[in-house]
Structure formats: C-alpha cells, structure tokens
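Listed below, chain by chain, are the residues.
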Amino acid sequence: MIYDLRLSRAHDNLRLVVGAGAEECASIAASEIETALGERTNPVLGVATGATPRRTYELLVERGVSSDGVHLVLLDEYIGLAPCDRRGFAATIRRRLAEPLGIPPDRIHVPPVGRDQSHEPCEAFERELRDLGGVDLQVLGIGQNGHIAFNEPGSPLDSRTRVVRLSRLTRENNRSLREAGGNDDRAGEVPERACTQGIATILEARRLMLLATGERKAGILADAMLGPIDPEVPASAIRLHPDVTVIADVDAARLLPVIA
Ligand code: GLP
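Below you will find a few notes about this structure. Computed from a predicted structure; not experimentally measured. Within any chain, residue numbers begin from 1 and follow the written order of that chain's sequence. In keeping with the model being predicted, local features are shown solely for residues with a pLDDT of at least 70 and side-chain atom pairs are shown and tallied solely at 80 or more, while totals for entire chains, interfaces and linings include all residues. Values reported for side chains reflect all heavy atoms of the structure, with hydrogen atoms and water molecules removed beforehand.

1. Topic: the site of the ligand
Thought 1: By convention in this text, a residue qualifies as near a molecule or strand provided that one of its non-hydrogen atoms is within 4 Å of it. The ligand sits among 14 residues. The nearest are A51, T52, D76, N174 and K217.
Thought 2: N or O atoms within 3.5 Å of each other form a polar contact, as long as, within protein, one can give a hydrogen and the other can take it, and as long as residues adjacent in sequence are counted only when both atoms are side-chain atoms. At 2.4 Å, a side-chain N or O of T52 approaches an oxygen atom of the ligand.
Thought 3: Within the side chain of H147, an N or O atom sits 3.1 Å from an oxygen atom of the ligand.
Thought 4: Classifying every residue of the shell around the ligand by side-chain character gives six nonpolar, five polar and three charged. Ten residue types, Ala, Val, Leu, Ile, Met, Phe, Trp, Tyr, Cys and Pro, are classed as nonpolar, four, Asp, Glu, Lys and Arg, as charged, and the remainder, Gly among them, as polar.

Right under this line is the structure:
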C-alpha cells in the first residue's frame, strides 16, 4: 500500500509517501536514491545515520547501485571517539555503505571532530561542501525530540556546521542503538558532544528526503509537518525547502491528516 500525496495544497513543495511498513519505506527510499544518483555525474549523497535508514542502505548495496563518482556527506559525528571506533557515524557509513559500494575514503566527507573545535574547521567543512557543488540529495531521519542531524530543539534556523552538546533524550535514545565491536551492543557511553551540519546547511541541499518509521515517531512527525515552523522542532524547518519528500510508514504517519 503506497499513498503518494501532497500534505495539502499549501505545501506544494512537500511530497508525503506512505509505505505499509519499514521495509516498503526502505525500498521506496532506495529506489529514489538510485534514481537521483543516476541523474548526475559525480552525485553528492547526504547520509543520515541512526536506525531508520539502515535498511535503505542495505538495499542500495543489495541492488548493487552504481557508485561511480558518488560522494557521501555525513550530517554529523560524535566528538571524542577514536576514528576507527565502530560506533562512530563515519565508521558506520564506511562499513555499511561506502565499503560495500566501493566508495573510497577521499569521497566521504565528515563534519570535523578533531582537537581544534574553533569555527575554522567547521567553516572549512562548509567550503568543502560548496566545492563539491553542494549536496544533491540529503537523507534525513528525525529524532524523537524533533532533531535533524544533531540540531537539537532550540537550534537556530540559520545555524551552520558547529559543535553542539547533545540532549539527555538524544543520548539515551542513541545509547540503545549504538553498535559496538563483538557482541556487546551496550558498550560505552554516548559522547556528550558532536559536530553537526546546521539547519541552514542542510536546507542548502538540492533535495531533502526525510524517513520516519514506527509508532514512536508519529507524534513528532505530526508536530514537524503540521505545527508551526519552530526552532523548538528543528525538523519543521524542512518545510522551508522547495523540494522535500517525506517517506513514512503507516505507524509514523498515523497522525497526519491523509491517513485519518
Ligand atoms: C541521531 C542522528 C540523526 C538521526 C536521528 C534519528 O541522533 N544524529 O541524524 O536522524 O538520531 O535516529 P533513528 O533513525 O535511530 O531514530
């Protein structure tokens, strides 16, 4: 079952695709990503981590999508992990997507998490994105408190790449999701800080695709899609973008009017 609807005439920039479940959403997302990658030479794909897009990336690998000239740009990364720590977002993307697709390390772009936490490395990262010609398609998840990337509630809509302190809710949610080496999936604390693309940085991508699955995302997805565009719900800012696709399963889309 796939609905493909505009949320309302007032939101012409925003397409909502509702899949029956997480698997169907992943399949739709993977197909849209594959199409987008095929439309350009040297396409730039913005990748979110978190549990939601995991299956989408698996499908891209299973389908053997062409990675010719593809660049990957990460939204965010923890501060304080060793570069080889399997729990880091860059390590996760390398392992789950880049290596299986044959995308070399010099085509993976990660927000800076080195010792120098001044503005300079963050500005250099923004320049790096501009030099790439910008992100063609940005995949996004949504945090339970409405964050996108690590832009927590209260993040200014004009924020750029910067170091942030993570909320307790985000750290708790991510603790249960983090992967560790071996069989111990509870190892280690979630770092308190991260470097994240800002909301304004994210909105510069040519196209946004937000994925949300499961009942626990229903409330915040409805707030983000139907409430005011408000820094307290950072994901609401995607409605300012001219070309957004939200892919949600019926559980996550439960409170959106198209399902009622
Ligand atoms: C993390 C990431 C986000 C991600 C979000 C949702 O904190 N920084 O980029 O979208 O959480 O994660 P999940 O998909 O696991 O719910």
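2. Section: the packing of helix α1 (residues 22-38) against helix α2 (residues 54-62)
For any two helices packed against each other, the geometry is given by the interaxial angle and the distance between the axes.
Thought 1: Close contact between α1 and α2 brings their axes to 8 Å; oriented N to C, the two are set at 55 degrees. With respect to their mutual orientation, α1 and α2 come out oblique. When the axes of α1 and α2 are compared, the crossing they make is right-handed. Where α1 approaches α2, its residues E23, A26, S27, A29, A30, I33 and E34 are matched on the opposing element by R55, T56, L59 and L60.
Thought 2: In terms of residue class, the contact of α1 with α2 is built from six nonpolar, two polar and three charged. For helices, the axis comes from a line fit to the C-alpha atoms of the stretch in contact; other axes are also lines fit to C-alpha atoms, and the angle between any two N-to-C directions lies between 0 and 180 degrees. Segments assigned H or I by DSSP are reported as helices when at least four residues long, segments assigned E as strands when at least two residues long, and all are numbered from the N terminus. Note on terminology: angles under 35 degrees are roughly parallel, angles over 145 are roughly antiparallel, angles of 65 to 115 are roughly perpendicular, and the others are oblique. For a crossing to be left-handed, the near helix must be turned anticlockwise from the far one by less than a right angle; the clockwise case is right-handed. Any two residues having at least one pair of non-hydrogen atoms within 4.5 Å are treated as being in contact.

3. A short note on the environment of L59
Thought 1: Among the structural elements, L59 can be located in helix α2.
Thought 2: Owing to a relative accessible area of 7%, L59 belongs among the buried residues under this scheme.
Thought 3: Taking the C-alpha atoms as reference points, L59 and S27, separated by 32 residues in sequence, lie 7.0 Å from one another.
Thought 4: Setting aside residues up to four positions removed in sequence, L59 forms contacts with E23, A26, S27 and A30. Only protein chains enter the accessibility calculation, which uses a 1.4 Å probe; a residue is then buried when its area is under 20% of its type maximum, exposed when over 50%, and partly exposed in between.

4. So, the sheet that holds strand β5 (residues 76-78)
Thought 1: Strands are labelled as partners when DSSP assigns at least two bridges between them. Spatial ordering of the open sheet is given by β5-β9-β8, a layout of three strands whose pairing is antiparallel. The sheet is open, and its two edges are formed by β5 and β8 (162-165), each paired on a single side. Direction aside, the axes of adjacent strands within the sheet are offset by 30 degrees on average.
Thought 2: By the bridge criterion, four bridges tie β8 to strand β9 (residues 193-196) in an arrangement that is antiparallel.

5. A closer look at the nonpolar core
Thought 1: With 71 residues, the main nonpolar core has L72, L210, L221, I238 and V246 as its most contacted residues.
Thought 2: Take this core: its biggest share by element is eight residues, from α1.
Thought 3: Other than its neighbours up to four places away in sequence, L210 contacts L140, G141, I142, I148, L221, I238, T245, V246 and I247. Working definition of a nonpolar core: buried Ala, Val, Leu, Ile, Met, Phe, Trp, Tyr and Cys residues. They are joined through side-chain atoms within 4.5 Å.

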